[in-house]
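This is what each chain is made of:
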Amino acid sequence: MKHSDFLVIGAGVIGSAVACGLLRKSRSVTLLDEGGDALRASLGNFGLVWVQGKGQGARRYAEWCHEASEVFPEYAQKLQDETGVDLAYRKPGGLTLCHGEEEYQKRTQVLARLKNESRHGAYDCSMLRRQEIQQMLPTLTLGPGIAGGSYSPHDGYLNPLALLKALHTSFTLGEGAFCSGIAATNIYHEHGRFLVTTSKGKFSAEKIVLAAGHGVARLAAMVGMQVEVHPEQGQLMVTERTRPVLSMPISGIQQTAEGSFIVGLSKREIGFNTDTDTRLLKQMAQRVVNAFPALASLRIVRSWSALRILSADGLPIYQQSESCPGAYVVTSHSGITLAPLHQTLIADWIVDGVQPEEFESFGTRRFDVEKTA
Amino acid sequence: MLKRLHENSDRKKVTINFEGVQIEVLAGETVAAAVLAAETDYTRTSAISGVHRAPYCQMGICFECLMEIDGVPNRQACMIEVREGMKVNRQHGARGLSDEVSV
(Lines give C-alpha, C1' and ligand atoms only; values in the text may rest on other atoms or scores of the structure.)
Protein backbone atom coordinates (compact mmCIF):
# COMPACT_ATOMS: atom_id res chain seq x y z
CA MET A 1 0.00 0.00 0.00
CA LYS A 2 1.29 3.41 -0.95
CA HIS A 3 1.11 6.08 1.75
CA SER A 4 1.50 9.82 1.20
CA ASP A 5 0.75 13.05 3.02
CA PHE A 6 -1.68 14.14 0.31
CA LEU A 7 -3.70 12.11 -2.16
CA VAL A 8 -5.52 13.93 -4.96
CA ILE A 9 -8.21 11.98 -6.79
CA GLY A 10 -8.71 13.36 -10.29
CA ALA A 11 -5.93 14.52 -12.62
CA GLY A 12 -7.89 16.92 -14.76
CA VAL A 13 -6.90 20.55 -14.84
CA ILE A 14 -8.31 21.18 -11.34
CA GLY A 15 -6.83 18.17 -9.52
CA SER A 16 -3.51 18.64 -11.30
CA ALA A 17 -3.27 22.34 -10.39
CA VAL A 18 -4.09 21.59 -6.74
CA ALA A 19 -1.57 18.71 -6.71
CA CYS A 20 1.17 20.96 -8.12
CA GLY A 21 0.31 23.52 -5.44
CA LEU A 22 0.53 20.92 -2.68
CA LEU A 23 4.00 19.93 -3.92
CA ARG A 24 5.28 23.39 -2.95
CA LYS A 25 4.60 22.48 0.68
CA SER A 26 5.08 18.72 0.82
CA ARG A 27 7.40 16.13 -0.70
CA SER A 28 4.69 13.52 -0.49
CA VAL A 29 1.81 14.03 -2.94
CA THR A 30 0.07 11.33 -4.99
CA LEU A 31 -2.20 12.14 -7.95
CA LEU A 32 -4.64 9.53 -9.27
CA ASP A 33 -5.71 9.76 -12.91
CA GLU A 34 -8.66 7.61 -13.92
CA GLY A 35 -7.71 7.02 -17.54
CA GLY A 36 -8.75 7.49 -21.14
CA ASP A 37 -12.43 6.70 -20.78
CA ALA A 38 -13.12 9.28 -18.05
CA LEU A 39 -15.49 12.14 -18.92
CA ARG A 40 -12.82 14.80 -19.13
CA ALA A 41 -14.00 18.37 -19.35
CA SER A 42 -10.29 19.24 -19.20
CA LEU A 43 -9.75 17.78 -22.66
CA GLY A 44 -12.93 18.89 -24.38
CA ASN A 45 -13.16 22.55 -23.42
CA PHE A 46 -12.70 25.77 -25.35
CA GLY A 47 -9.61 27.06 -23.53
CA LEU A 48 -10.86 30.47 -22.42
CA VAL A 49 -9.32 32.36 -19.52
CA TRP A 50 -12.47 34.39 -19.13
CA VAL A 51 -13.85 37.06 -16.83
CA GLN A 52 -16.53 39.10 -18.58
CA GLY A 53 -20.12 38.27 -17.76
CA LYS A 54 -19.29 35.72 -15.08
CA GLY A 55 -20.72 35.91 -11.57
CA GLN A 56 -24.03 37.70 -11.95
CA GLY A 57 -25.58 37.64 -8.50
CA ALA A 58 -22.34 36.14 -7.18
CA ARG A 59 -19.90 38.99 -6.56
CA ARG A 60 -17.22 36.82 -4.97
CA TYR A 61 -17.12 34.53 -8.02
CA ALA A 62 -16.83 37.52 -10.36
CA GLU A 63 -13.89 38.73 -8.27
CA TRP A 64 -12.39 35.24 -8.07
CA CYS A 65 -12.28 34.98 -11.89
CA HIS A 66 -10.84 38.48 -12.14
CA GLU A 67 -8.11 37.71 -9.59
CA ALA A 68 -7.18 34.58 -11.59
CA SER A 69 -6.99 36.59 -14.81
CA GLU A 70 -4.70 39.16 -13.14
CA VAL A 71 -2.10 36.57 -12.15
CA PHE A 72 -2.49 34.37 -15.22
CA PRO A 73 0.24 35.92 -17.43
CA GLU A 74 2.93 35.36 -14.80
CA TYR A 75 1.53 31.92 -13.94
CA ALA A 76 1.54 30.81 -17.57
CA GLN A 77 5.05 32.11 -18.17
CA LYS A 78 6.43 30.32 -15.12
CA LEU A 79 4.72 27.03 -15.99
CA GLN A 80 5.95 27.28 -19.56
CA ASP A 81 9.54 28.05 -18.51
CA GLU A 82 9.53 25.18 -16.04
CA THR A 83 8.06 22.52 -18.33
CA GLY A 84 8.98 23.65 -21.83
CA VAL A 85 5.34 23.21 -22.88
CA ASP A 86 4.03 26.09 -25.00
CA LEU A 87 0.60 26.98 -23.57
CA ALA A 88 -0.20 29.36 -26.44
CA TYR A 89 -1.59 31.69 -23.77
CA ARG A 90 -2.52 35.13 -25.01
CA LYS A 91 -4.36 37.96 -23.28
CA PRO A 92 -5.50 40.41 -25.92
CA GLY A 93 -8.84 40.97 -24.18
CA GLY A 94 -12.03 39.29 -25.31
CA LEU A 95 -15.28 40.13 -27.06
CA THR A 96 -18.86 38.97 -26.78
CA LEU A 97 -20.67 39.79 -30.01
CA CYS A 98 -24.32 40.86 -30.01
CA HIS A 99 -26.42 39.75 -32.95
CA GLY A 100 -29.09 42.42 -33.29
CA GLU A 101 -30.19 45.26 -31.05
CA GLU A 102 -32.05 43.07 -28.58
CA GLU A 103 -28.92 41.12 -27.68
CA TYR A 104 -27.04 44.41 -27.40
CA GLN A 105 -29.55 45.77 -24.88
CA LYS A 106 -29.51 42.52 -22.89
CA ARG A 107 -25.74 42.53 -22.74
CA THR A 108 -25.77 46.17 -21.61
CA GLN A 109 -28.05 45.15 -18.74
CA VAL A 110 -25.78 42.25 -17.75
CA LEU A 111 -22.80 44.60 -17.48
CA ALA A 112 -24.86 47.18 -15.55
CA ARG A 113 -25.86 44.51 -13.07
CA LEU A 114 -22.26 43.32 -12.61
CA LYS A 115 -21.23 46.93 -12.05
CA ASN A 116 -23.96 47.47 -9.43
CA GLU A 117 -23.02 44.32 -7.62
CA SER A 118 -19.29 44.98 -7.62
CA ARG A 119 -17.49 46.06 -4.47
CA HIS A 120 -16.27 49.39 -5.85
CA GLY A 121 -19.13 50.12 -8.23
CA ALA A 122 -16.91 49.45 -11.21
CA TYR A 123 -16.81 46.66 -13.79
CA ASP A 124 -14.08 46.82 -16.38
CA CYS A 125 -15.93 45.77 -19.52
CA SER A 126 -17.32 48.16 -22.13
CA MET A 127 -20.17 48.01 -24.59
CA LEU A 128 -18.91 48.84 -28.06
CA ARG A 129 -20.84 49.61 -31.21
CA ARG A 130 -20.28 47.72 -34.42
CA GLN A 131 -17.82 50.21 -35.92
CA GLU A 132 -15.59 50.16 -32.84
CA ILE A 133 -15.48 46.38 -32.91
CA GLN A 134 -14.70 46.36 -36.62
CA GLN A 135 -11.70 48.61 -35.86
CA MET A 136 -10.47 46.07 -33.30
CA LEU A 137 -10.76 43.26 -35.86
CA PRO A 138 -9.30 44.88 -38.98
CA THR A 139 -8.66 41.62 -40.84
CA LEU A 140 -12.13 40.10 -40.71
CA THR A 141 -15.33 41.80 -41.84
CA LEU A 142 -18.28 41.70 -39.43
CA GLY A 143 -21.61 40.49 -40.72
CA PRO A 144 -24.39 43.06 -41.19
CA GLY A 145 -26.41 41.69 -38.25
CA ILE A 146 -23.80 42.47 -35.60
CA ALA A 147 -25.06 45.41 -33.54
CA GLY A 148 -22.04 45.58 -31.28
CA GLY A 149 -20.66 43.73 -28.31
CA SER A 150 -18.80 43.89 -25.04
CA TYR A 151 -15.04 44.06 -24.64
CA SER A 152 -13.02 43.22 -21.56
CA PRO A 153 -9.24 43.64 -21.41
CA HIS A 154 -9.07 40.87 -18.79
CA ASP A 155 -10.00 37.99 -21.07
CA GLY A 156 -7.62 35.63 -22.82
CA TYR A 157 -7.22 32.08 -24.09
CA LEU A 158 -4.82 29.18 -24.28
CA ASN A 159 -4.48 25.63 -25.55
CA PRO A 160 -6.21 23.58 -22.81
CA LEU A 161 -4.51 20.35 -23.87
CA ALA A 162 -1.14 22.04 -23.45
CA LEU A 163 -2.12 23.37 -20.01
CA LEU A 164 -3.04 19.88 -18.81
CA LYS A 165 0.17 18.44 -20.24
CA ALA A 166 2.22 21.20 -18.58
CA LEU A 167 0.60 20.56 -15.19
CA HIS A 168 1.29 16.82 -15.43
CA THR A 169 4.88 17.54 -16.48
CA SER A 170 5.36 20.02 -13.65
CA PHE A 171 3.93 17.57 -11.12
CA THR A 172 6.29 14.82 -12.29
CA LEU A 173 9.30 17.17 -12.37
CA GLY A 174 8.46 18.15 -8.79
CA GLU A 175 8.68 14.47 -7.86
CA GLY A 176 5.00 14.02 -7.24
CA ALA A 177 3.70 10.47 -7.68
CA PHE A 178 1.54 10.47 -10.82
CA CYS A 179 -0.51 7.27 -11.04
CA SER A 180 -2.51 6.94 -14.24
CA GLY A 181 -5.15 4.44 -15.26
CA ILE A 182 -6.36 4.12 -11.66
CA ALA A 183 -9.99 4.62 -10.68
CA ALA A 184 -10.85 5.16 -7.01
CA THR A 185 -13.58 2.80 -5.82
CA ASN A 186 -14.02 3.39 -2.08
CA ILE A 187 -12.76 5.73 0.61
CA TYR A 188 -12.52 4.81 4.30
CA HIS A 189 -11.69 7.16 7.17
CA GLU A 190 -9.87 5.17 9.86
CA HIS A 191 -7.82 6.40 12.81
CA GLY A 192 -7.63 9.88 11.32
CA ARG A 193 -6.22 8.59 8.04
CA PHE A 194 -7.80 7.93 4.69
CA LEU A 195 -7.70 4.59 2.95
CA VAL A 196 -8.64 4.52 -0.73
CA THR A 197 -9.28 1.32 -2.62
CA THR A 198 -8.78 1.54 -6.37
CA SER A 199 -8.81 -0.53 -9.52
CA LYS A 200 -5.08 -1.13 -8.86
CA GLY A 201 -4.52 -1.62 -5.15
CA LYS A 202 -4.83 0.52 -2.03
CA PHE A 203 -3.58 3.99 -1.23
CA SER A 204 -3.53 5.81 2.07
CA ALA A 205 -3.02 9.44 2.98
CA GLU A 206 -3.22 11.97 5.79
CA LYS A 207 -5.37 14.25 3.66
CA ILE A 208 -7.34 13.61 0.47
CA VAL A 209 -8.58 16.00 -2.18
CA LEU A 210 -11.57 15.02 -4.30
CA ALA A 211 -11.25 16.69 -7.69
CA ALA A 212 -12.87 13.94 -9.72
CA GLY A 213 -15.21 16.08 -11.81
CA HIS A 214 -18.43 14.19 -12.46
CA GLY A 215 -17.24 11.47 -10.06
CA VAL A 216 -16.99 13.85 -7.12
CA ALA A 217 -20.48 13.37 -5.64
CA ARG A 218 -20.08 9.61 -5.25
CA LEU A 219 -16.66 9.95 -3.58
CA ALA A 220 -17.71 12.87 -1.36
CA ALA A 221 -20.58 10.83 0.07
CA MET A 222 -17.99 8.32 1.36
CA VAL A 223 -16.43 11.00 3.54
CA GLY A 224 -19.71 12.39 4.83
CA MET A 225 -20.29 15.19 2.35
CA GLN A 226 -23.31 15.89 0.22
CA VAL A 227 -22.12 17.47 -3.01
CA GLU A 228 -24.26 17.80 -6.10
CA VAL A 229 -22.93 18.49 -9.58
CA HIS A 230 -24.65 17.96 -12.89
CA PRO A 231 -23.46 17.73 -16.50
CA GLU A 232 -24.17 20.45 -19.04
CA GLN A 233 -23.19 19.43 -22.52
CA GLY A 234 -21.30 21.77 -24.83
CA GLN A 235 -20.59 20.96 -28.47
CA LEU A 236 -17.56 22.18 -30.34
CA MET A 237 -16.28 22.20 -33.91
CA VAL A 238 -12.88 22.87 -35.37
CA THR A 239 -12.17 24.06 -38.91
CA GLU A 240 -9.26 23.72 -41.27
CA ARG A 241 -6.36 26.08 -40.62
CA THR A 242 -6.04 29.53 -42.13
CA ARG A 243 -3.54 32.32 -41.82
CA PRO A 244 -4.11 34.31 -38.60
CA VAL A 245 -7.04 36.69 -39.09
CA LEU A 246 -8.80 36.77 -35.70
CA SER A 247 -6.53 38.18 -33.03
CA MET A 248 -8.86 37.97 -30.05
CA PRO A 249 -11.09 35.33 -28.42
CA ILE A 250 -14.78 35.88 -28.90
CA SER A 251 -17.26 34.17 -26.68
CA GLY A 252 -17.87 31.03 -28.75
CA ILE A 253 -15.38 31.66 -31.58
CA GLN A 254 -11.61 31.72 -31.53
CA GLN A 255 -8.69 31.11 -33.84
CA THR A 256 -6.02 28.94 -32.29
CA ALA A 257 -2.30 29.68 -32.44
CA GLU A 258 -2.07 27.04 -35.20
CA GLY A 259 -4.74 28.75 -37.30
CA SER A 260 -7.84 26.55 -36.80
CA PHE A 261 -11.08 28.16 -35.78
CA ILE A 262 -12.82 26.60 -32.80
CA VAL A 263 -16.52 27.17 -32.37
CA GLY A 264 -18.35 26.34 -29.15
CA LEU A 265 -21.74 27.90 -28.58
CA SER A 266 -24.07 25.30 -27.15
CA LYS A 267 -25.53 24.36 -23.79
CA ARG A 268 -27.79 21.36 -23.30
CA GLU A 269 -28.83 19.45 -20.21
CA ILE A 270 -29.20 15.90 -21.49
CA GLY A 271 -27.41 13.91 -18.81
CA PHE A 272 -24.19 12.01 -19.41
CA ASN A 273 -24.52 12.17 -23.16
CA THR A 274 -21.55 13.13 -25.34
CA ASP A 275 -23.20 12.71 -28.75
CA THR A 276 -23.02 15.58 -31.18
CA ASP A 277 -26.12 16.77 -32.94
CA THR A 278 -25.92 17.93 -36.56
CA ARG A 279 -28.86 20.31 -36.27
CA LEU A 280 -27.24 22.06 -33.33
CA LEU A 281 -23.83 22.16 -35.03
CA LYS A 282 -25.52 23.71 -38.06
CA GLN A 283 -27.09 26.44 -35.91
CA MET A 284 -23.69 27.15 -34.36
CA ALA A 285 -22.03 27.33 -37.77
CA GLN A 286 -24.78 29.68 -38.97
CA ARG A 287 -24.21 32.03 -36.05
CA VAL A 288 -20.48 32.09 -36.80
CA VAL A 289 -21.12 32.88 -40.46
CA ASN A 290 -23.55 35.62 -39.41
CA ALA A 291 -20.74 37.12 -37.32
CA PHE A 292 -18.00 36.67 -39.93
CA PRO A 293 -19.31 35.85 -43.43
CA ALA A 294 -15.82 35.02 -44.74
CA LEU A 295 -15.70 31.93 -42.53
CA ALA A 296 -18.46 30.32 -44.62
CA SER A 297 -15.83 28.92 -46.99
CA LEU A 298 -14.06 26.95 -44.24
CA ARG A 299 -14.43 23.22 -43.91
CA ILE A 300 -15.21 21.75 -40.51
CA VAL A 301 -12.78 18.93 -39.80
CA ARG A 302 -14.03 17.62 -36.45
CA SER A 303 -16.78 18.07 -33.92
CA TRP A 304 -17.09 16.77 -30.38
CA SER A 305 -18.85 17.44 -27.14
CA ALA A 306 -17.81 17.69 -23.51
CA LEU A 307 -19.73 17.88 -20.25
CA ARG A 308 -19.38 20.94 -18.04
CA ILE A 309 -19.36 20.16 -14.33
CA LEU A 310 -21.85 22.50 -12.73
CA SER A 311 -23.00 22.94 -9.16
CA ALA A 312 -26.61 24.03 -8.60
CA ASP A 313 -25.61 27.72 -8.80
CA GLY A 314 -22.73 27.25 -11.27
CA LEU A 315 -20.11 28.40 -8.72
CA PRO A 316 -17.11 26.40 -7.51
CA ILE A 317 -17.38 24.16 -4.47
CA TYR A 318 -14.46 24.24 -2.05
CA GLN A 319 -15.37 22.40 1.14
CA GLN A 320 -13.71 20.38 3.88
CA SER A 321 -15.65 17.50 5.34
CA GLU A 322 -16.92 18.15 8.87
CA SER A 323 -17.31 14.51 9.82
CA CYS A 324 -14.02 13.41 8.19
CA PRO A 325 -11.65 16.38 8.57
CA GLY A 326 -8.78 16.20 6.13
CA ALA A 327 -11.05 15.36 3.18
CA TYR A 328 -11.62 18.20 0.74
CA VAL A 329 -13.84 18.70 -2.29
CA VAL A 330 -12.56 20.96 -5.04
CA THR A 331 -14.81 21.18 -8.07
CA SER A 332 -15.63 23.96 -10.47
CA HIS A 333 -16.62 25.04 -13.91
CA SER A 334 -13.92 27.47 -15.18
CA GLY A 335 -11.09 25.07 -14.31
CA ILE A 336 -8.83 26.71 -16.89
CA THR A 337 -9.42 30.30 -15.76
CA LEU A 338 -9.06 29.41 -12.08
CA ALA A 339 -5.94 27.21 -12.40
CA PRO A 340 -3.53 29.74 -10.83
CA LEU A 341 -5.77 30.15 -7.78
CA HIS A 342 -6.30 26.41 -7.38
CA GLN A 343 -2.53 25.99 -7.44
CA THR A 344 -1.88 28.67 -4.79
CA LEU A 345 -4.76 29.74 -2.53
CA ILE A 346 -6.71 26.49 -2.63
CA ALA A 347 -3.59 24.34 -2.12
CA ASP A 348 -2.57 26.59 0.81
CA TRP A 349 -6.03 26.25 2.35
CA ILE A 350 -5.72 22.45 2.20
CA VAL A 351 -2.22 22.50 3.72
CA ASP A 352 -2.53 25.24 6.35
CA GLY A 353 -6.25 25.88 6.70
CA VAL A 354 -5.82 29.51 5.63
CA GLN A 355 -9.06 30.54 3.95
CA PRO A 356 -9.22 33.10 1.15
CA GLU A 357 -11.50 36.05 1.72
CA GLU A 358 -15.28 35.36 1.95
CA PHE A 359 -14.54 31.71 1.40
CA GLU A 360 -17.96 30.62 2.65
CA SER A 361 -19.32 31.83 -0.72
CA PHE A 362 -17.86 28.63 -2.14
CA GLY A 363 -18.75 26.20 0.66
CA THR A 364 -21.61 23.71 0.62
CA ARG A 365 -23.43 25.55 3.43
CA ARG A 366 -24.72 27.99 0.84
CA PHE A 367 -26.98 25.27 -0.55
CA ASP A 368 -28.54 24.67 2.89
CA VAL A 369 -29.40 28.35 3.07
CA GLU A 370 -31.06 28.20 -0.32
CA LYS A 371 -33.06 25.14 0.66
CA THR A 372 -34.43 26.65 3.88
CA ALA A 373 -35.02 30.12 2.43
CA MET B 1 10.04 5.31 -55.84
CA LEU B 2 6.37 4.36 -55.73
CA LYS B 3 4.71 2.42 -58.51
CA ARG B 4 1.28 1.06 -59.26
CA LEU B 5 0.68 -2.64 -58.66
CA HIS B 6 -0.92 -2.97 -62.07
CA GLU B 7 0.98 -0.49 -64.20
CA ASN B 8 -0.16 -2.05 -67.46
CA SER B 9 -3.79 -2.33 -66.59
CA ASP B 10 -6.24 -1.51 -69.33
CA ARG B 11 -8.06 0.94 -67.08
CA LYS B 12 -9.02 4.21 -68.69
CA LYS B 13 -6.51 7.03 -68.33
CA VAL B 14 -7.24 10.68 -67.58
CA THR B 15 -5.01 13.74 -67.68
CA ILE B 16 -4.68 16.10 -64.73
CA ASN B 17 -2.63 19.23 -64.35
CA PHE B 18 -0.21 19.09 -61.43
CA GLU B 19 1.71 22.29 -60.72
CA GLY B 20 1.32 23.31 -64.34
CA VAL B 21 2.45 19.95 -65.79
CA GLN B 22 0.06 17.60 -67.55
CA ILE B 23 0.29 14.08 -66.12
CA GLU B 24 -1.50 10.96 -67.25
CA VAL B 25 -3.06 8.97 -64.41
CA LEU B 26 -5.54 6.11 -64.00
CA ALA B 27 -9.25 6.85 -63.80
CA GLY B 28 -10.68 5.92 -60.40
CA GLU B 29 -7.55 6.53 -58.36
CA THR B 30 -7.25 9.26 -55.77
CA VAL B 31 -5.40 12.51 -56.34
CA ALA B 32 -2.95 11.46 -53.61
CA ALA B 33 -2.21 8.14 -55.33
CA ALA B 34 -1.90 9.86 -58.70
CA VAL B 35 0.63 12.47 -57.59
CA LEU B 36 2.65 9.94 -55.59
CA ALA B 37 2.86 7.67 -58.64
CA ALA B 38 4.14 10.68 -60.57
CA GLU B 39 7.16 10.72 -58.23
CA THR B 40 6.20 13.91 -56.47
CA ASP B 41 8.60 14.72 -53.64
CA TYR B 42 6.07 16.65 -51.54
CA THR B 43 2.45 17.76 -51.77
CA ARG B 44 2.21 20.53 -49.16
CA THR B 45 4.22 22.60 -46.72
CA SER B 46 3.26 22.62 -43.04
CA ALA B 47 1.19 25.57 -41.82
CA ILE B 48 3.37 25.83 -38.71
CA SER B 49 6.97 24.93 -39.53
CA GLY B 50 6.89 25.18 -43.31
CA VAL B 51 8.49 21.75 -43.77
CA HIS B 52 7.62 19.54 -46.74
CA ARG B 53 4.89 16.93 -46.28
CA ALA B 54 3.34 14.17 -48.37
CA PRO B 55 0.28 11.87 -48.13
CA TYR B 56 0.55 9.47 -45.21
CA CYS B 57 -2.52 7.54 -44.02
CA GLN B 58 -4.35 7.49 -47.39
CA MET B 59 -7.68 7.07 -45.62
CA GLY B 60 -8.82 10.54 -44.61
CA ILE B 61 -7.53 10.70 -41.06
CA CYS B 62 -4.14 12.41 -40.89
CA PHE B 63 -4.63 15.52 -43.06
CA GLU B 64 -1.04 15.29 -44.34
CA CYS B 65 -2.23 15.18 -47.97
CA LEU B 66 -3.87 18.63 -48.12
CA MET B 67 -3.67 20.13 -51.60
CA GLU B 68 -5.32 22.85 -53.63
CA ILE B 69 -7.69 21.12 -56.02
CA ASP B 70 -9.54 23.06 -58.72
CA GLY B 71 -8.84 26.28 -56.85
CA VAL B 72 -10.14 25.07 -53.49
CA PRO B 73 -7.45 25.05 -50.77
CA ASN B 74 -6.82 22.44 -48.04
CA ARG B 75 -8.56 19.52 -49.73
CA GLN B 76 -7.75 15.98 -48.68
CA ALA B 77 -6.14 14.55 -51.81
CA CYS B 78 -6.54 10.97 -50.55
CA MET B 79 -10.33 11.34 -50.44
CA ILE B 80 -10.86 12.78 -53.91
CA GLU B 81 -10.90 10.90 -57.20
CA VAL B 82 -9.02 12.26 -60.18
CA ARG B 83 -11.09 13.76 -62.97
CA GLU B 84 -10.16 14.70 -66.54
CA GLY B 85 -8.76 18.23 -66.62
CA MET B 86 -8.48 18.59 -62.84
CA LYS B 87 -6.04 21.27 -61.65
CA VAL B 88 -3.97 20.20 -58.67
CA ASN B 89 -1.43 22.29 -56.80
CA ARG B 90 0.59 21.92 -53.64
CA GLN B 91 -0.91 23.53 -50.54
CA HIS B 92 1.59 26.07 -49.33
CA GLY B 93 1.18 26.65 -45.58
CA ALA B 94 -2.16 27.85 -44.27
CA ARG B 95 -4.84 29.11 -46.61
CA GLY B 96 -6.17 32.65 -46.59
CA LEU B 97 -9.75 33.91 -46.47
CA SER B 98 -11.70 35.67 -49.19
CA ASP B 99 -11.95 39.04 -47.46
CA GLU B 100 -8.50 38.94 -45.92
CA VAL B 101 -6.95 42.39 -45.68
CA SER B 102 -3.19 42.44 -45.68
CA VAL B 103 -1.76 44.42 -42.79
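Residues numbered from 1 in each chain as written. Chains lettered and ligands numbered in written order. Predicted model: local features only at pLDDT ≥ 70, side-chain atom pairs only at ≥ 80, totals over all residues.

> I would appreciate a short explanation of the overall build of chain A in the present structure.
The helix and strand inventory of chain A stands at 10 helices and 17 strands. Taking 373 residues into account, the globule formula puts the C-alpha radius of gyration at 21 Å, and chain A, at 21 Å, falls close to it. Taking the principal axes of its C-alpha atoms as reference, chain A extends roughly 65 × 45 × 40 Å. Split into buried and exposed, the 373 residues of chain A put 45% on the buried side. Taking contacts inside chain A between residues at least 6 apart in sequence as the whole, the part at least 24 apart equals 73%. (Helix = DSSP H or I, 4+ residues; strand = E, 2+ residues; numbered from the N terminus. Rg over C-alpha atoms; globule rule 2.2 N^0.38 Å. Buried ≥ 20, exposed ≤ 12 C-beta atoms within 10 Å, placed from the backbone. Contact = placed C-beta atoms within 7 Å.)

> What should I look at first to understand helix α4 (residues 100-117) of chain A in this one?
Owing to its 3.6 residues per turn, the α-helix brings residues three or four apart onto one side. For α4 of chain A, built from 18 residues, the straight-helix expectation of 26 Å at 1.5 Å per residue is met to within 8% by its first-to-last C-alpha distance of 26 Å. Where α4 of chain A is buried, its residues touch α3 (59-83), β4 (94-99), β5 (126-129) and β6 (146-152) of chain A. (Expected span 1.5 Å × (residues − 1).)

> What am I meant to see in the sheet that holds β5 of chain A here?
The strands that make up a sheet pair up through hydrogen bonds in the backbone, lying either parallel or antiparallel. Residue and element names in this part refer to chain A. Taken together, 3 strands build an open sheet; the order of strands is β4-β6-β5 and the sheet is antiparallel. The sheet is open, and its two edges are formed by β4 and β5, each paired on a single side. Neighbour-to-neighbour, the strand axes of this sheet turn through a mean angle of 25°, independent of strand direction. (Pairing = 2+ DSSP bridges. Axes fitted to C-alpha atoms, helices over the stretch in contact; angles between N-to-C directions.)

> Explanation requested: the interface of chain B and chain A in the structure shown.
Size of an interface: often given as the accessible area lost when the parts come together. With 12 residues of chain B in contact, the opposing surface of chain A contributes 13 residues. When the residues that make up the side of chain B that touches chain A are grouped by side-chain class, the tally is 6 nonpolar, 3 polar and 3 charged. (Nonpolar A, V, L, I, M, F, W, Y, C, P; charged D, E, K, R; others polar.)

> Looking at this structure, I do not really get the packing of helix α1 (residues 13-23) of chain A against helix α9 (residues 339-352) of chain A. What am I missing?
The relative placement of two packed helices comes down to the angle between their axes together with the axis-to-axis distance. Residue and element names in this part refer to chain A. Viewed as axis vectors pointing N to C, α1 and α9 meet at an angle of 55°, and their least axial separation amounts to 7 Å. The angle between α1 and α9 places the two elements in the oblique class. The chirality of how α1 crosses α9 is right-handed. Where α1 abuts α9, its residues Val-13, Ile-14, Ala-17, Val-18, Cys-20, Gly-21 and Leu-22 lie against Ala-339, His-342, Gln-343, Thr-344, Ile-346, Ala-347, Ile-350 and Val-351. Tallied by class, residues from the contact of α1 with α9 come to 11 nonpolar, 4 polar and no charged. (Parallel < 35°, antiparallel > 145°, perpendicular 65-115°, else oblique. Left-handed = near helix turned anticlockwise from the far one by under 90°.)

> Explain the pairing of strand β6 (residues 72-76) of chain B here, please?
On a regular strand, each side chain points to the face opposite its neighbour's, so the side chains alternate between the two faces of the sheet. Residue and element names in this part refer to chain B. Summarising burial for β6: 4 of the 5 residues are buried, a large majority. Across 3 bridges, the pairing between strand β5 (residues 66-69) and β6 is antiparallel. The residue bridging Ile-69 from the neighbouring strand is Val-72, located in β6. Linking β5 to β6, which pair antiparallel, is a turn of 2 residues; within it Asp-70 sits at a positive phi near 50°.

> I would appreciate a short explanation of the nonpolar core in the present structure.
One broad rule of soluble globular proteins: the nonpolar side chains tend to lie buried together. Counting residues in each nonpolar core, the largest one holds 106 residues, and the members touching the most others are Val-8, Ile-9, Val-18, Leu-163, Ile-208, Val-209 and Leu-210 of chain A. In terms of residues, this core owes the most to one element, α3 of chain A, which gives 9 residues. With residues up to four places along the chain from it excluded, the contact list for Val-209 of chain A reads Phe-6, Val-8, Ile-9, Gly-15, Val-18, Tyr-328, Val-330 and Ile-350 of chain A. Core analysis: the next-biggest nonpolar cluster, separate from the first, contains 17 residues, Ala-32, Leu-36, Leu-66 and Met-67 of chain B among them. (Core = buried A, V, L, I, M, F, W, Y, C linked by C-beta atoms within 7 Å.)

> What's the story with unusual backbone geometry in this structure? I'm lost.
Peptide bonds are mostly trans, and most non-glycine residues show a negative phi. In this model, Glu-358 of chain A sits at a positive phi of 50°, which is unusual for a non-glycine residue. When you line up the elements, Glu-358 of chain A lands in the loop between α9 and α10 (365-372). Note on Glu-358 of chain A: 11 C-beta atoms within 10 Å, which makes it exposed. Phi at Gln-58 of chain B takes a positive value of approximately 65°, unusual for a residue other than glycine. For Gln-58 of chain B, the location among the structural elements is in the loop between β4 (52-53) and β5. Owing to 16 C-beta atoms within 10 Å, Gln-58 of chain B belongs among the partly exposed residues under this scheme.

Functional significance is not addressed by these values, which are geometric in nature.
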